[in-house]
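# Summary of the model geometry
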There are 2 protein chains.
Amino acid sequence: MPGMPSYADIESAARRLAGKAVVTPLLESPRLNDILGGRLLVKPECLQLTGSFKFRGAFNRIAGGTTENGIVAYSSGNHAQGVAAAASMLGHPAVIVMPGDAPAIKMAGTRSWGADIVTYSRHDEAREEIARSVALAGGMTIVPPYDDPMIIAGQGTVGLEIADACAGRGITPDAVITCCGGGGLTAGVALAINHRFPDCAIHTAEPEGWDDTARSLVKGKRLSVTGTPASICDALLARRPGELTFDINRNLVHSGTVVTESAVIEAMVTALTSFKLVAEPGGAVALASAISGEVPVNGRTIVAIISGGNIDADVFAELVARGPS
Amino acid sequence: MPGMPSYADIESAARRLAGKAVVTPLLESPRLNDILGGRLLVKPECLQLTGSFKFRGAFNRIAGGTTENGIVAYSSGNHAQGVAAAASMLGHPAVIVMPGDAPAIKMAGTRSWGADIVTYSRHDEAREEIARSVALAGGMTIVPPYDDPMIIAGQGTVGLEIADACAGRGITPDAVITCCGGGGLTAGVALAINHRFPDCAIHTAEPEGWDDTARSLVKGKRLSVTGTPASICDALLARRPGELTFDINRNLVHSGTVVTESAVIEAMVTALTSFKLVAEPGGAVALASAISGEVPVNGRTIVAIISGGNIDADVFAELVARGPS
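Residues numbered from 1 in each chain as written. Chains lettered and ligands numbered in written order. Predicted model: local features only at pLDDT ≥ 70, side-chain atom pairs only at ≥ 80, totals over all residues. Heavy atoms only, no water.

## Side note on the overall build of chain A
A count of helical and extended segments in chain A gives 13 helices and ten strands. What you see for chain A is a C-alpha radius of gyration of 18 Å, in line with the 20 Å of a compact globule of 325 residues. Dimensions of chain A along its principal axes, counting C-alpha atoms only, are 55 × 45 × 40 Å. When the accessible surface of chain A is totalled, it reaches about 11,300 Å², and 48% of it is carbon and sulfur. Here chain A carries 26 positive and 32 negative side-chain charges, and the mean point of each set is 3 Å from the other. (Helix = DSSP H or I, 4+ residues; strand = E, 2+ residues; numbered from the N terminus. Rg over C-alpha atoms; globule rule 2.2 N^0.38 Å. Areas by Shrake-Rupley, 256 points an atom, 1.4 Å probe, with all protein chains shown as cover. Lys, Arg positive; Asp, Glu negative; His and termini not counted. Charge placed at Lys NZ, Arg CZ, Asp CG, Glu CD.)

See below:
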């Protein structure tokens, strides 16, 4: 396991990503602020190239590390697209190992960048093992989804941009909420925010049933999800925190929050009406945590990262029409 | 009728709006570019404060002009919210004359900024007359939706930002497509783009039945819509081009395009899937013009402005679920 990334590594990542990644804005809705009694800022990484923050880490890792004979990655869809895009832009072939039930938009997005896709069953097979076999056979390099210092540093540029935007507007955030699967976004953002706003709390948000990080933070050790609970948050179904990411997050994260499916759908509707953004379910959990009061906004300034927006149009329409239960 | 705004007036507007309006990004989807065979950039003004570009002109007019005893405006909803927000931020009371069938989200958005709303029937009553009566009674100042040099200059900052973003990324746009109701956005954008990229064509986009600008451009004089054709594009139902706006647009606009309802819905779905943006029907017509080939993207670089995203969640879900016919 390579060492822990530093703030300087995040600054290096930002230089690598300059002109490649979208510098996403920091948005707010005065009307929603009035309702919540505080100030809620959203960082819309759904507007990022490939529709999620994952492009940042993937590009930083592939541009800044060694890569031989191409790239292999395993992913439920957002890391897949990030890696496929970064590999394509940097001239490397890529093979992505994806669950067969990944959303069509994520499959198509990955394929559109010229990557080869190998599917597996989310319930039965170990995707890491499949990726290792593919990499070994072709002498290719695995770009892991989160447990890698270059990946974490790349995702940390989200935090750097939040800090820059806040500083530029004279805003001192009280807390930043990140969605959490394996913990790469959280670790990178926590490192950046902690350096720039040391009094700002970091909270993770996870969907019900997949609260491994919240429970691990309480116990101070990495715990796993048991079974395969149903969840609409396909982007966040990592069984347990990463090793390196948890080493960072156990020290820098204030608390882990957990949100219901109903709160996630309510947050998706709020993203639509208040911010004109399409959030996928896993991308809406941080906003859900703020709106549902898990991280109170009242009297404070809170930043919620909308981490992705890759959702099939018909599924989106159905969830919005259904509304929170 | 006051005089024609200049490029310098747009620069002044940009200075007034600094720190007030969102500098919206210029987004693209490499996958969609591949499909279209060219480069399509979108300027998402749905992310602007109040959910449409209208805030720019309203703020510029109210901050930069004379206003006595408060503001009166007439609007189908987006100008209403822009005026209400600008008036509130600048400490003026506001009365907005709106059609009784305006989308609920536009009514609620206007009210949330503290404005008083007077409703009228879209089919029977002349909103300008009602606004004039209200203004006269209270000694208030009317902020018109488009036929005003300060309004046009404010909307022109959209074009200024497009030009800045293109210049910064080494992009020379072949054409910019603007939605067109009364023509204020078009006039402002045309002035800005013509100054910065004189070879770039400007095209308007209008919904079927409300093609008064397209027909007026062909005839070289202002023609009106007859009757009240049904349209989902509630933001674009101006009967004929403005006087000042048409004086500008007849000289600077290359051609007017017209799009079907089906093309508008297809554009809304594309905004959702390719850009993760919520576009209201009237906000999607420029994108529809590009996707449907009215303004060909193939082999060229085209900028389409998504002008607004104020749509009720249930209506959005229904249109997306229905899809293009």
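## Some thoughts on the interface of chain B and chain A
With 31 residues of chain B at the contact, the number on the chain A side is 31 residues. Of all residues in chain B, Arg31(B), Leu47(B) and Lys276(B) bury the most surface against chain A, accounting for 27% of the area lost on that side. Inspection of the chain B/chain A interface yields zero salt bridges. For the side of chain B that touches chain A, the secondary structure elements donating two or more residues are β1 (27–28), α2 (30–36), α5 (104–112), α11 (261–275) and α13 (313–322) of chain B. Sort the elements by how many residues they give to the side of chain B that touches chain A and α13(B) lands first, with five residues. Within the side of chain B that touches chain A, the residues separate by chemical class into 21 nonpolar, six polar and four charged. (Contact = heavy atoms within 4.5 Å. Buried area = accessible area lost by both parts, 1.4 Å probe. Salt bridge = Lys/Arg side-chain N within 4 Å of Asp/Glu carboxyl O. Nonpolar A, V, L, I, M, F, W, Y, C, P; charged D, E, K, R; others polar.)

## Comments concerning the nonpolar core
In this structure, Leu277(A) and Leu277(B) are the most contacted members of the largest nonpolar core, which totals 134 residues. Those residues in contact with Leu277(A) that sit more than four places away from it in its chain are Leu27(A), Val42(A), Pro44(A), Cys46(A), Leu47(A), Ala271(A), Leu272(A), Ile306(A), Leu47(B), Lys276(B) and Val278(B). (Core = buried A, V, L, I, M, F, W, Y, C linked by side-chain atoms within 4.5 Å. Buried < 20%, exposed > 50% of the residue type's maximum accessible area, 1.4 Å probe, protein only.)

## Thoughts on the packing of helix α4 (residues 78–89) of chain A against helix α5 (residues 104–112) of chain A
Residue and element names in this part refer to chain A. Taken N-terminus to C-terminus, the directions of α4 and α5 make an angle of 15°; their axes are 8 Å apart at the nearest point. Looking at the two axes, α4 sits roughly parallel to α5. The chirality of how α4 crosses α5 is left-handed. Residues Asn78, Ala80, Gln81 and Ala84 of α4 lie in contact with α5, whose contacting residues are Ile105, Lys106, Gly109 and Thr110. Of the residues contributing to the contact of α4 with α5, the split by class is three nonpolar, four polar and one charged. (Axes fitted to C-alpha atoms, helices over the stretch in contact; angles between N-to-C directions. Parallel < 35°, antiparallel > 145°, perpendicular 65-115°, else oblique. Left-handed = near helix turned anticlockwise from the far one by under 90°.)

## As for the domain arrangement of chain A
Residue and element names in this part refer to chain A. For chain A, the assigned domains read domain 1 (7–52 + 148–322) and domain 2 (68–142). The straight-line distance from the C-alpha centre of domain 1 to that of domain 2 is 24 Å. On the side of domain 2, 14 residues touch domain 1, which itself brings 13 residues to the contact. In total, about 1,100 Å² of surface goes out of reach between domain 1 and domain 2, with carbon and sulfur atoms giving 54% of it. In this structure, the salt-bridge partner of glutamate 280 is lysine 106, at a minimum N-O distance of 2.7 Å. Where domain 1 touches domain 2, the interface holds seven residue pairs in polar contact (both at pLDDT 80 or more). When the residues that make up the side of domain 1 that touches domain 2 are grouped by side-chain class, the tally is five nonpolar, four polar and four charged. (Domains from an automatic or database assignment. Polar contact = N/O pair within 3.5 Å; in protein donor to acceptor, adjacent residues only side chain to side chain.)

## Re the sheet that holds strand β1 (residues 27–28) of chain A
Residues and elements named next belong to chain A. The strand order β1-β2-β10-β7-β8-β9 describes an open sheet built from six strands, whose pairing is mixed. Only two strands of the sheet have a single partner each, and these edge strands are β1 and β9 (255–259). In terms of strand pairing, β1 meets strand β2 (residues 39–44) through two bridges, oriented antiparallel. Across the sheet, residue glutamate 28 finds its bridge partner in β2, namely leucine 41. (Pairing = 2+ DSSP bridges.)

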